[in-house]
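Here is what each chain is made of, one letter per residue.
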Amino acid sequence: MGGRGGQRDRRPAPANSTSTTVVQRCRKRRPIPPPANSTSTSTWTGQRGRKPCPPPANSTSTWTGQRGRKPRRTPPPANSLQSIADNLGPFGVIMVLFETPSGFAIFYFDGVSLYEPDAMENIWANFVKKCRADSVLWPKKFQVFKDKYDAINLDTGLNNQLTKMILKWHLPGQKLAVGKPEYKTVIEAELGILCLYDEPVMELMRGLKYLMHSIVPEEKSKLAEEDGLQASQGLKLLLDRYGFDVKPEMVNQCIIETACNLYDCSSLKKQTKSWRLASDFLEEVSSIDSKDWEIPKLATALKIVCYPEDEIVFGNPHKMFTPNELSKLVTDAPKYEDSGIVKAIILGRYKEMVFLYDLKAQHKKELASLIKKAKEAYEAEQTLDWRGERSFE
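Criteria and thresholds
Along each chain, numbering runs from 1 in the same order as the chain's sequence is written. Selection of residues for local features in this predicted model requires a pLDDT of at least 70, selection of side-chain atom pairs for listing and counting requires 80 or more, and totals for whole chains, interfaces and linings are taken over all residues. The side-chain quantities take in all heavy atoms of the structure and omit both hydrogens and water. With a 1.4 Å probe rolled over the protein chains alone, any residue whose accessible area is under 20% of its type maximum counts as buried; one over 50% counts as exposed, and the rest are partly exposed. The secondary structure listing takes helices from DSSP runs of H or I that are at least 4 residues long and strands from runs of E that are at least 2 residues long, numbered from the N terminus. Pairing between two strands is assigned when DSSP locates at least 2 bridges connecting them. Between N-to-C directions, angles span 0 to 180 degrees; the directions come from axes that are lines fitted to C-alpha atoms, helices contributing only their stretch in contact. Two helices cross in a left-handed way if the nearer one is turned anticlockwise from the farther one by less than a right angle. They cross in a right-handed way if the turn is clockwise. In what follows, a contact means two residues having at least one pair of non-hydrogen atoms within 4.5 Å. Here the aromatic set is Phe, Tyr and Trp, taking the six-membered ring for Trp, and pairing holds for ring centres within 6.5 Å; pairs whose planes are under 30 degrees apart are stacked, those over 60 apart are edge-to-face, and all others are tilted. Helices are assigned an expected span. That span is 1.5 Å times one less than the residue count. N or O atoms within 3.5 Å of each other form a polar contact, as long as, within protein, one can give a hydrogen and the other can take it, and as long as residues adjacent in sequence are counted only when both atoms are side-chain atoms. Note on terminology: a nonpolar core comprises buried Ala, Val, Leu, Ile, Met, Phe, Trp, Tyr and Cys residues joined through side-chain atoms within 4.5 Å.

Draft legend 1. A look at the pairing of strand E1 (residues 93-99). Among the 7 residues of E1, 6 are classified as buried, and the element is accordingly described as predominantly covered. In this structure, E1 lies alongside strand E2 (residues 103-110), joined through 7 bridges in antiparallel fashion. Paired with Leu97 across the two strands is Ile106, which belongs to E2.

Draft legend 2. The arrangement of the packing of helix H13 (residues 295-306) against helix H15 (residues 323-331) in detail. At a minimum axis separation of 8 Å, H13 and H15 run at an interaxial angle of 40 degrees. Read as a crossing pair, H13 and H15 show a hand that is right-handed. Between H13 and H15, the contacting residues are Lys297, Ala301, Ile304 and Val305 on the first element and Glu325, Leu326, Leu329 and Val330 on the second.

Draft legend 3. Here's a closer look at the packing of aromatic side chains. Going through the model one piece at a time under the given rule, you end up with 7 aromatic pairs. Seen from their ring centres, Phe104 and Tyr183 are 6.2 Å apart, and the 65 degrees between their planes marks the pair as edge-to-face. Of the two residues, Phe104 is situated in strand E2 and Tyr183 in helix H7 (residues 181-191); the sequence distance between them amounts to 79 residues. We classify Tyr183 as buried; its relative accessible area is 7%. Site record: aromatic cluster; members linked through ring pairs are Phe104, Phe145 and Tyr183.

Draft legend 4. Here's a closer look at unusual backbone geometry. Its identity is not glycine, yet Phe91 carries a phi of approximately 60 degrees, on the positive side. Mapped onto the elements of the fold, Phe91 is located in the loop between helix H2 (81-88) and E1. One non-glycine residue, Ser287, lies in positive phi territory at about 55 degrees. By secondary structure assignment, the location of Ser287 is in the loop between helix H12 (268-286) and H13.

Draft legend 5. Looking closely at helix H11 (residues 253-264). The first and last C-alpha atoms of H11 sit 17 Å apart over 12 residues, in line with the 16 Å expected at 1.5 Å per residue. Looking only at H11, the buried set comprises Ile255, Ile256, Thr258, Ala259, Cys260, Leu262 and Tyr263. A side-chain oxygen of the first residue of H11 lies 3.2 Å from the backbone nitrogen of Cys254; this N-cap is Asn252.

Draft legend 6. Summary view of the nonpolar core. In terms of nonpolar packing, the biggest core is built from 27 residues, with Ile94, Val96, Phe98, Phe107, Phe109, Phe127 and Leu208 touching the most fellow members. Looking at this core, the elements that each hand over two or more residues are H2, E1, E2, strand E3 (137-144), helix H8 (199-210) and helix H9 (212-215). A per-element tally of this core places H8 first, with 4 residues. The contacts of Leu208, once residues within four sequence positions are left out, are Val96, Phe98, Phe107, Phe127, Leu137 and Ile215. Trp275, Ile295, Ile312 and Tyr336 belong to the second-largest nonpolar core, a separate cluster that totals 26 residues.

Draft legend 7. Broad picture of the sheet that holds E3. If you trace the 5 strands from one edge of the open sheet to the other, you get E3-E2-E1-E6-E7, paired in mixed fashion. Looking at which strands have only one partner, the edges of the open sheet turn out to be E3 and strand E7 (195-196). Relative to E7, strand E6 (residues 176-177) runs parallel, the two sharing 2 bridges. The residue bridging Ala177 from the neighbouring strand is Leu196, located in E7.

Draft legend 8. Examining the environment of Ile371 more closely. Tracing the sequence through the fold places Ile371 in helix H16 (residues 343-391). Judged by relative accessible area, which is 4%, Ile371 ranks as buried. Separated by 119 residues in the primary sequence, Ile371 and Asn252 have C-alpha atoms spaced 9.2 Å apart. Among all residues touching Ile371, those that are not within four sequence positions of it are Leu239, Phe244, Val246 and Ile255.

Draft legend 9. The side chain of His170, seen in detail. Turning to its location among the elements, His170 is positioned in the loop between helix H6 (160-169) and E6. By relative accessible area, His170 is classed as buried at 18%. A distance of 2.6 Å separates a polar atom in the side chain of His170 from the backbone oxygen of Gln174.

Draft legend 10. Examining H2 more closely. The complete set of buried residues in H2 reads Ser83, Ile84, Ala85 and Leu88. In this structure, the buried residues of H2 make contact with E1 and E7. Just past H2, the residue Gly89 takes up positive phi, approximately 150 degrees.

Laid out in structure tokens, this is it:
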């Protein structure tokens, strides 16, 4: 220590001095390379004391030899919804070119819904009311075209107006749904945009036509009734499943909305997995195999073992179960106290199941009445038409 005020002596050391100055001491040390005779095959990081850690023997990830780096993400299966979404465009959102009587509209749409199980019924139900469509459909642009044939056709291709409209809203890698096969051919050839045209897309177009005046308020022209949900394949699938034989000409708005209420009760399907998981308790505690039981029977069995003293408000247990099954459920009820089953959850799900089944029965009865009236009106109209034709003969 020297100099004034107790400061360090900053004079340089003599040339032959072996002491180290403050500046020299603060310099970074050079990385020490591995020994020349080293037989190590690991990647040298240039950092003293650090060696790259190899992955576990059973690891399938790609090892980068660097600390803190996450292993590469395994790509999803080709048929998974995530893989489908990646193939359709950003977050699975596709672009839709919708033709109206006076022009074309551009929408964004949840393209993954085209590939989900029961896609046809789901698409139909999403377009029964605008408030339902708002969750999967996003309007972007509508333009009036003086000559729609000039806008796009196989002979002259795309005109400048429609080309600019499509390119303005199209995102990189995004698929485009179209309503005609010739539109797919022209757009793919001239713009290089991959287009979708199949049954689910046609169901989407029918839904757009049904809600046209709500989602495209600028369009004042009307469409023919057969262009809407009356011809919906999703509606037909639902009506067939419940045993209703209905011609498209008989379908009216009341039938469509009541059928949609019946469709909403199909949320019972979403409970199937949780009920199947809960059925494991019946196997473990009472040695009862319930894998093939329907949801009402399974829910009732779990309700009995959780609350044996409560009244069963849905169905008749004596008809649901054999005498041995029912006796075992009641006798084994105390064993479920320490089984790990959560009684409150079972009770809540049971009440929800009962409510939905009752509601489903009401909607089915109402739908049957509406279809009966529609058939009578249709047959009466057909009879009048037949008599009118006979009078002209």
